[in-house]
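Structural overview for review
What follows is the residue order along each chain.
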Amino acid sequence: MKTAREADLEEEPPQENGVIQSTQDQHSSISPPTSTVSGAPDDEPFSTYFEEKVPIPVDVTQMFSFRKLWAFTGPGFLMSIAYLDPGNIESDLQSGAKAGFKLLWVLLGATIIGLLLQRLAARLGVVTGMHLAEVCNLLLFTPPSPPHSQVPRIILWLMVELAIIGSDMQEVIGCAIAFNLLSVGRIPLWGGVLITIIDTFVFLFLDKYGLRKLEAFFGFLITIMAVSFGYEYVMVRPDQGELLKGMFLPYCEGCGPAQMEQAVGIVGAVIMPHNIYLHSALVKSRSIDRGNKKEVKEANKYYFIESTIALFISFLINVFVVAVFAEAFYERTNIEVNAMCNASDSPHTDLFPLDNSRLQVDIYKGGVVLGCFFGPVALYIWAIGILAAGQSSTMTGTYSGQFVMEGFLNLRWSRFARVLLTRSIAIFPTLLVAIFQDVQHLTGMNDFLNVLQSMQLPFALIPILTFTSLTSIMNDFANGLVWKIGGGVVILVVCAINMYFVVVYVTSLSSVALYVLAGLLCIAYLCFVGYLAWHCLIALGVSCLDVSCLPSRVSNNRPSVLIEEQPEYDT
């Protein structure tokens, strides 16, 4: 028989600092932590997104409702902006210029893998009501715990922050180049870098007008990108047969190391670690009763449909860019481009030396060669598309940084303070390069930044697969065996591809000192990845790896360390 105290504990389970719950009517077994902000009341709920919740229309008679789909539309499109940032655009145009249409199938495969990973992120947010950073903080390094457990938590936060700052730097570079092209060089690159500080704060005022208006603004920016790059596509008129062949035939005839490296770069540019954290938080903006299994299942369905539509649109925009440069500039030489720029009286002729080497393009040279071959209108439209890509990605980077900081550190900063910190870190090195170096060095930073973001992928992919496989927090919505095996294989392949990308980049540095430094950093990096994987395996129930609980298992045969036991009370 149960004592009166036990009955009271069952009726009112403790919810202190996000400890794991065991109620049966809710379809989530964890609760958000309370805020640790000084001066905040103890009973103030912890919020990681806008206070506004979008209501979902009730319609019990239809299996599918466009009204409900419209209500759920928004988070997927904000997430898809990360697939359209300046780093992705540069990867697309380089793919077309180096390999023609032959690597479109890699872009398609990377986008499909990205969709599956975003599905896991959305399900975690919908089912648990918490985003990935919060769940990592609660289940991997749960207080109260030894002081040393705070160190890996902070390291994991710093790794994700590095990815966000790297993405932010790419967006600053893209915006600075767009301003320079639109002003015909009147706005120097360093001036464009400084402008990005102001416009970001201006855009932050948009969320004061409501969540749906903010989502509509991001949709408007995506529309500008689609129209801009779609105009270039229509004007160039690429070969549709070659395009379809490159998209659905997984083969790269006559490809060498340069094309293989570009294929790896496509995967690294498309799948971004901080986007997983972002999407798991964005889905919390809809009013969903997580205690109702039907509503949770319905939300998962509509979010997946919306994400599929959003990533399909982003894929088409990426295809536009690849196809334009594949049709117009594949196997072009510098001397050919130099002659065309001379004929069109372009002021950028000196960018292309008089030799027969293959044309090397970036987002700056890409606009220049479009202007040389197709007129100045093509250049300006290209710059507008790059500007829209940079501005939209800036805002999503800001929000993902805020969610990560709140989740790992239980800190709630204002968006202005958050932007001031990350944008300052991103702008300082970018501004130095813009002032003391030329545009080639500025755009060349994108390769390093892609490598930086690729190295952070395990810190998002390993946790998201782990937590969505746990029945203790996902209940009936946990990953099945096929998803566990398939997801594990996909994550291993993606991480291996990106590690190859890192090795290729490091070996191109041609410096013994840099080799030694890179080797030491790689050892530390792999140790922490192994440490994270070890914690995740323990969370999945591989209790033989949990050394700290070895004595208690021998004496008490405890089955799991994931669910935190409630303390016993003296009667």
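The rules behind the values
- Residues numbered from 1 in each chain as written.
- Predicted model: local features only at pLDDT ≥ 70, side-chain atom pairs only at ≥ 80, totals over all residues.
- Heavy atoms only, no water.
- UniProt positions renumbered as here; feature names shortened; annotations may be inferred.
- Helix = DSSP H or I, 4+ residues; strand = E, 2+ residues; numbered from the N terminus.
- Buried < 20%, exposed > 50% of the residue type's maximum accessible area, 1.4 Å probe, protein only.
- Areas by Shrake-Rupley, 256 points an atom, 1.4 Å probe, with all protein chains shown as cover.
- pLDDT = per-residue confidence, 0-100.
- Contact = heavy atoms within 4.5 Å.
- Salt bridge = Lys/Arg side-chain N within 4 Å of Asp/Glu carboxyl O.
- Phe/Tyr/Trp six-rings, centres within 6.5 Å; stacked < 30°, edge-to-face > 60°.
- Core = buried A, V, L, I, M, F, W, Y, C linked by side-chain atoms within 4.5 Å.
- Disulfide = S-S within 2.5 Å.
- Expected span 1.5 Å × (residues − 1).
- Patch = residues over 30% accessible without salt bridge, like charges linked within 9 Å, V, L, I, M, F, W, Y side chains within 5 Å.
- Axes fitted to C-alpha atoms, helices over the stretch in contact; angles between N-to-C directions.
- Parallel < 35°, antiparallel > 145°, perpendicular 65-115°, else oblique.
- Nonpolar A, V, L, I, M, F, W, Y, C, P; charged D, E, K, R; others polar.
- Left-handed = near helix turned anticlockwise from the far one by under 90°.

As named in an unreviewed UniProt entry, the protein is Solute carrier family 11 member 2, taken from Hucho hucho. According to the UniProt record, the Sequence similarities (unreviewed entry) comment for the protein reads "Belongs to the NRAMP family."

Re the overall build of the protein
A tally of helices and strands in the protein yields 23 helices and zero strands. Of all 571 residues assigned to the protein, the portion counted as buried reaches 56%. Counting every atom, the protein has about 25,100 Å² of accessible surface; 65% of that belongs to carbon and sulfur.

Quick notes on the confidence of the model for the protein
Mean pLDDT over the protein stands at 78; residues scoring 70 or higher make up 80%. Between residues 1-29, whose pLDDT stays under 50, and residues either more than four places distant or in other chains, the model counts 50 contacts. Note on residues 34-49: pLDDT is under 50 here. Beyond four places in sequence and across chains, it has 32 contacts.

Observations concerning the pattern of salt bridges
In total, this model carries six salt bridges according to the counting rule given. Its salt-bridge partner being Arg286, residue Glu215 comes within 2.9 Å of it at the nearest N-O pair. Separated by 71 residues along the polypeptide, Glu215 in helix H9 (residues 211-236) and Arg286 in the loop between helix H12 (273-282) and helix H13 (293-329) bring together distant segments of the chain. There is no split in this pair, since Glu215 and Arg286 are both buried. Of the charged contacts in the structure, one is a salt bridge between Lys293 and Asp476, with a shortest N-O distance of 2.8 Å. Highlighted residues: Lys293 in helix H13 and Asp476 in the loop between helix H20 (471-474) and helix H21 (481-507), separated in sequence by 183 residues. Taking relative accessible area as the criterion, Lys293 reaches 38% and is therefore assigned partly exposed. What makes Asp476 exposed here is its relative accessible area of 53%. Salt bridges here are not isolated pairs; linked through shared partners, they connect Arg212, Glu215 and Arg286.

Looking at the packing of aromatic side chains
Ring pairs (aromatic) are described by centroid distance and by the angle formed between their planes. With the rule as written, the count across this model stands at 16 aromatic pairs. Aromatic side chains Phe329 and Phe373 sit 5.1 Å apart centroid to centroid with 85 degrees between the ring planes, which places their arrangement in the edge-to-face category. Highlighted residues: Phe329 in helix H13 and Phe373 in helix H15 (residues 363-374), separated in sequence by 44 residues. What links up through ring pairs into an aromatic cluster is the set Phe229, Phe325, Phe329, Phe373, Phe374 and Trp382.

Observations concerning the nonpolar core
Core analysis: the largest hydrophobic core is formed by 159 residues, its most contacted members being Phe229, Tyr277, Phe325, Trp382, Phe408 and Phe467. When near neighbours in sequence (up to four residues on either side) are disregarded, Phe408 contacts Ala133, Cys136, Asn137, Arg153, Leu156, Trp157, Val160 and Tyr277.

Focus: the environment of Val172
Secondary-structure assignment places Val172 in helix H7 (residues 150-182). By relative accessible area, Val172 is classed as buried at 1%. Separated by 258 residues in the primary sequence, Val172 and Thr430 have C-alpha atoms spaced 7.7 Å apart.

Re the environment of Ala299
Among the secondary structure elements, Ala299 is positioned in helix H13. With 173 residues separating them in the primary sequence, Ala299 and Val126 have C-alpha atoms 7.2 Å apart. Excluding residues within four positions of it along the chain, Ala299 makes contact with Phe72, Val126 and Ile288.

Some words on the state of the cysteines
Per the stated rule, a full pass over the model turns up two disulfides. The partner cysteine of Cys252 in its disulfide is Cys255, sulfur to sulfur 1.5 Å. Classification of the bridge connecting Cys252 and Cys255 rests on its S-S torsion, roughly -50 degrees, and on that basis the disulfide is left-handed. What links to what in the protein: the bonded cysteines, counted in sequence order, pair as 1-2, 3-4. This cysteine, Cys536, is not joined by any disulfide, and Cys136 carries the nearest cysteine sulfur, 7.0 Å off.

Structural notes on the side chain of Asn300
Positionally, Asn300 belongs in helix H13. What Asn300 contacts, discounting residues up to four positions off in sequence, is Ala122, Arg123, Val126, Val127 and Phe477.

Here we look at helix H4 (residues 86-99)
Over its 14 residues, H4 extends 20 Å from the first C-alpha to the last, a length consistent with the 20 Å expected when each residue adds 1.5 Å. Gly100 occupies a position one or two residues after H4 and carries a positive phi of about 65 degrees.

Section: a nonpolar patch on the surface
Together, Leu509, Val512, Leu514, Tyr515, Val516, Leu517, Leu520, Leu521 and Ile523 line one region of the surface with nonpolar side chains, adding up to about 840 Å² of accessible area. Within the element layout of this structure, Leu517 appears in helix H22 (residues 512-539).

A look at the packing of H7 against H12
One way to put it is that H7 packs onto H12 with a least axis distance of 8 Å and a crossing angle of 100 degrees. Comparing their axes, H12 and H7 come out roughly perpendicular. Of the residues in H12, those touching H7 at Val160, Ala163, Ile164 and Ser167 are Pro273, His274 and Tyr277. Here the contact of H7 with H12 is built from residues that sort into five nonpolar, two polar and no charged.

Some details on the packing of H7 against H22
Two numbers describe how H7 lies on H22: the axes approach to 12 Å, and their chain directions differ by 115 degrees. Between H7 and H22, the angle is such that the two are roughly perpendicular. Regarding H7 and H22, the two cross each other, and that crossing is left-handed. Contact with H7, carried on its side by Pro152, Ile155 and Leu156, involves Phe528, Tyr531 and Leu532 of H22 and no other residues of that element. Across the contact of H7 with H22, the residue classes break down as six nonpolar, no polar and no charged.

So, unusual backbone geometry
Of note, the phi angle at Arg237 is positive, near 55 degrees, even though the residue is not glycine. Exposure remark for Arg237: the relative accessible area of 67% places this residue in the exposed category. The phi dihedral of Glu331 is positive, around 65 degrees, even though this residue is not glycine. Counting through the fold element by element, Glu331 comes out in the loop between H13 and helix H14 (334-343).

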